[in-house]
Amino acid sequence: MSQEILDQRAAAVIEANKYMALGTVDADGLPWVTPVYFTPDGHADFYWVSSPDAEHSRNVARNANVSIAIFDSSVPVGQASAVYLRAHAELVPDDELDHCAAFYSARLGELRTFTPDELRAPADLRLYRARATSHWVLIRGRDPEYGTGIDSRRPVWD
C-alpha cells in the first residue's frame, strides 16, 4: 500500500465524520477530552465553536498543544477507521472571523449559521482553530496490506 493510499484513507475519515475528540491539558497537567463538532479545511486546519468558559477552551487558552482523534464509533468492533492529530489550537483572530465563520458554517446544511459578531467578544461563543502539526491513520490489525494482528498507526501527510 502506498503513502498516497494511506493519505486517501485519512482524508476519507476526516470527511466522513462530524465530531472529533479534542484532548487538552488543564492547569494541573490533567488531561481533558471532549467531543466537538468540527469543520475541516483539508487536513491542516480544524474549526469548532465553543464557549470560552468551557473546560477545553480554558485549557487551550493556557496551553495551545492539543491532540485530536477523529473516528466513527458506530462501526462494528474491528472495522474502525481513525485519524490521530497533534495540533496547536487558538481562537480565530477577529480579522479572520468573516471568512472563517462562513467557512465553518458551510459544511453541513443542518448546522446553525454563525455570524462573525456571534463569535466575537462579548458574545457567549468563539470560533477555534486547531492547526495540525502531525497526522496518523489507524491501521487495523487485520488490514490486508499492513495488518500485523495488532492495531497500529502510520504517519500521513508528512
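Predicted model, so just to flag it, every value in this text is computed and none were measured.

Undergrad: Honestly, the overall build of the chain in this entry has me stumped. Any pointers?
TA: The helix and strand tally for the chain stands at 3 helices and 8 strands. Here the chain has a C-alpha radius of gyration of 16 Å; the compact-globule value for 158 residues is 15 Å, and the two agree. Summarising its shape, the C-alpha atoms of the chain cover approximately 50 × 40 × 30 Å along the three principal directions. Taking all 158 residues of the chain together, 41% fall into the buried category. Counting only carbon and sulfur atoms, one obtains 52% of the accessible surface of the chain, whose full area is about 8700 Å². When the 15 basic and 23 acidic side-chain charges of the chain are each reduced to a single mean position, those positions are 5 Å apart.

Undergrad: Would you explain the side chain of Thr39 in this entry?
TA: Take Thr39: it is sitting in strand β3 (residues 39–41). Classification of Thr39 as buried rests on a relative accessible area of 2%. Side-chain polar atoms of Thr39 contact the backbone oxygen of Tyr104, separated by 2.9 Å. Apart from the residues within four sequence positions on either side, Thr39 is in contact with Asp45, Phe46, Tyr47, Phe103, Tyr104 and Arg107.

Undergrad: Could you clarify how one ought to interpret the packing of aromatic side chains in this entry?
TA: By the definition in use, this model includes 6 aromatic pairs. A centroid spacing of 6.1 Å and a plane angle of 85° characterise the contact between Tyr19 and Tyr37, whose relative ring orientation is edge-to-face. A residue pair is termed long-range when its members are at least 10 positions apart, and Tyr19 in strand β1 (residues 19–25) and Tyr37 in strand β2 (residues 31–37) qualify at 18 residues. We classify Tyr37 as buried; its relative accessible area is 13%. Pairing Phe38 with Phe46 gives two aromatic rings, centres 6.1 Å apart and planes at 45°, and the pair type is tilted. Of the residues examined, Phe38 reaches a relative accessible area of 0% and is grouped as buried. Overall, the relative accessible area of 0% leaves Phe46 in the buried class. Clustering of aromatic rings is evident, with ring pairs tying together Tyr19, Tyr37, Tyr104 and Phe114. Geometry around Phe38 places Arg107 over its ring, the cationic atom sitting 4.9 Å from the centre.

Undergrad: Teacher, can you tell me more about the environment of Val137 here?
TA: Structurally, Val137 is set in strand β7 (residues 126–139). When its relative accessible area of 2% is taken as the criterion, Val137 is described as buried. In sequence terms Val137 and Leu6 are 131 residues apart; their C-alpha atoms lie 7.1 Å from each other.

Undergrad: Just checking my understanding: could you explain helix α3 (residues 97–105) for this structure?
TA: One turn of the α-helix equals 3.6 residues, which is why residues spaced by three or four share an orientation. For α3, the set of buried residues is Leu97, Cys100, Ala101, Tyr104 and Ser105. Seen from one end, α3 has its buried residues packed into an arc of 125°, which puts them on one side. Exposed side chains of α3 directed beyond 90 degrees from the buried face belong to Asp98 and His99. For α3, the secondary structure elements touched by its buried residues are β2, β3, β4 (45–50) and β7.

Undergrad: So what exactly am I meant to see when it comes to the pairing of strand β6 (residues 82–91) here?
TA: In summary, the side chains of a regular strand alternate between the two faces of the sheet. For strand β5 (residues 65–71) and β6, the ladder comprises 7 bridges, and the chain directions are antiparallel. Within β6, the position partnered with Ser67 by the bridge is Arg86. Across 9 bridges, the pairing between β6 and β7 is antiparallel. Note on β7: the bridge partner recorded for Tyr84 is Trp136.

Definitions and cut-offs
- Residues numbered from 1 in each chain as written.
- Predicted model: local features only at pLDDT ≥ 70, side-chain atom pairs only at ≥ 80, totals over all residues.
- Heavy atoms only, no water.
- Helix = DSSP H or I, 4+ residues; strand = E, 2+ residues; numbered from the N terminus.
- Rg over C-alpha atoms; globule rule 2.2 N^0.38 Å.
- Buried < 20%, exposed > 50% of the residue type's maximum accessible area, 1.4 Å probe, protein only.
- Areas by Shrake-Rupley, 256 points an atom, 1.4 Å probe, with all protein chains shown as cover.
- Lys, Arg positive; Asp, Glu negative; His and termini not counted.
- Charge placed at Lys NZ, Arg CZ, Asp CG, Glu CD.
- Polar contact = N/O pair within 3.5 Å; in protein donor to acceptor, adjacent residues only side chain to side chain.
- Contact = heavy atoms within 4.5 Å.
- Phe/Tyr/Trp six-rings, centres within 6.5 Å; stacked < 30°, edge-to-face > 60°.
- Lys NZ or Arg CZ within 6 Å of the ring centre and 35° of its normal.
- Arc of directions from axis to C-beta.
- Pairing = 2+ DSSP bridges.

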